[in-house]
Structure formats: C-alpha cells, structure tokens
Amino acid sequence: MLVGKINACVESGYYPQIVKKILDYLATVNLCALADGKYPVPFLDETKAWFMILSYHTEPLEQQKPEVHRHYSDLQSVLSGREKMAWAMDDQQFTVDGDYLPARDIQDYRMEPEKLNLLSAGPGDFYLFTPSVVHAANITDGQISAVKK
C-alpha cells in the first residue's frame, strides 16, 4: 500500500516506475473537469490499466463492503470532498461474501469493522491498495459528504 499526494509526489522516487509514471500522467490531467466514467491511460493497455471518475455521497462504514484484488492494484484519489477509507492485510481473517470475480479481479468480504484500520482522505490524497490489501472507501468522515474521485 502506498499513500501520498497526487500533485506533490516528493517521495515518488521510491515508488515503482510504473506507479510514478501513472501519477505523473494523472497530475497533468484536469481530473475535476472530467465527467464520471472510465478513461484509458494512454501509454498502457486499456484492458490492464484505466482510471474512473466517480461522484457519490459517503455512507456509514457498516453499509460498505470491503474488497480485495489478487492481481491488480487499486489507486484511489479524492478530488473533492472528504471520506474515510478502511484497510487491512488479507490474512484470511475476513468472511467471504460471494464468489471471486476473475473478470473484475475482485473478492468481496463482509463488513467487520473491528478488523479494519481507518484513514481520512481529502482533496489530493491518494491511496494505492496493492493486491492482498482489503479495502473499503466511500465511508462517511463525521458527516455525509459529496465526493468526487
């Protein structure tokens, strides 16, 4: 898992080259001006890497469903609003909730809040959830918030 600021990657010299390249690219795009939807990363195979713009209102932790990926990483960056994100290492402590979906590389788990660590996320923050890091987002940070990410 990596944590940082999308437009101020001072520590980016330590990131894997592909992560640095994607962050550098995203810093050149006016992400706030984009409509909700799925977008390609021009220099990567669009079946393996893309980004999505989403707008929603946060919800209580208990209404979220943690997920984990086995092969791909999940980079999440808040553009506006505030939310909490939850994470934990996938050490087989969570109860599976549904089948693993290979086409989406996603396994859902039941919400078990006591097993998760919470992070606050605001504009410009990014979190890269690498494979085997259970994570949930869209969580209310004190009050319901409109979020774009």
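Because the structure is predicted, anything quoted here is derived from the model rather than measured.

The rules we used
- Residues numbered from 1 in each chain as written.
- Predicted model: local features only at pLDDT ≥ 70, side-chain atom pairs only at ≥ 80, totals over all residues.
- Heavy atoms only, no water.
- Core = buried A, V, L, I, M, F, W, Y, C linked by side-chain atoms within 4.5 Å.
- Buried < 20%, exposed > 50% of the residue type's maximum accessible area, 1.4 Å probe, protein only.
- Helix = DSSP H or I, 4+ residues; strand = E, 2+ residues; numbered from the N terminus.
- Contact = heavy atoms within 4.5 Å.
- Pairing = 2+ DSSP bridges.
- Axes fitted to C-alpha atoms, helices over the stretch in contact; angles between N-to-C directions.
- Patch = residues over 30% accessible without salt bridge, like charges linked within 9 Å, V, L, I, M, F, W, Y side chains within 5 Å.
- Areas by Shrake-Rupley, 256 points an atom, 1.4 Å probe, with all protein chains shown as cover.
- Salt bridge = Lys/Arg side-chain N within 4 Å of Asp/Glu carboxyl O.

Q: Looking at this structure, how should I read the nonpolar core?
A: Here is a general trend for soluble globular proteins: nonpolar side chains tend to be buried in one another's company. With 13 residues, the main nonpolar core has Leu23, Leu26, Leu31 and Phe51 as its most contacted residues. Looking at this core, the elements with two or more residues in it are helix H1 (17-26), strand E3 (50-53) and strand E10 (125-129). Among residues more than four places away in sequence, those in contact with Phe51 are Tyr25, Leu26, Leu31, Leu34, Gly37, Lys38, Tyr39, Pro40 and Val41. Residues Val68, Ala88, Phe94 and Met111 belong to the second largest nonpolar core, which totals eleven residues.

Q: What is the right way to look at the sheet that holds strand E6 (residues 74-77) in this model?
A: Across a sheet, strands are paired by hydrogen bonds formed along the backbone, either parallel or antiparallel in direction. Within the open sheet, the three strands sit side by side as E1-E10-E6. Their pairing is antiparallel. The strands lining the two open edges of the sheet, one partner per strand, are strand E1 (2-5) and E6. When the angles between neighbouring strand axes are averaged without regard to direction, this sheet yields 15°. Here E6 runs beside E10; their pairing, made up of four bridges, is antiparallel.

Q: Mind showing me how you'd approach a nonpolar patch on the surface here?
A: Judged by side-chain polarity, Trp50, Met52 and Leu54 come together as a nonpolar surface patch covering roughly 280 Å² of accessible area. Here Leu54 falls in the partly exposed class, since its relative accessible area comes to 36%.

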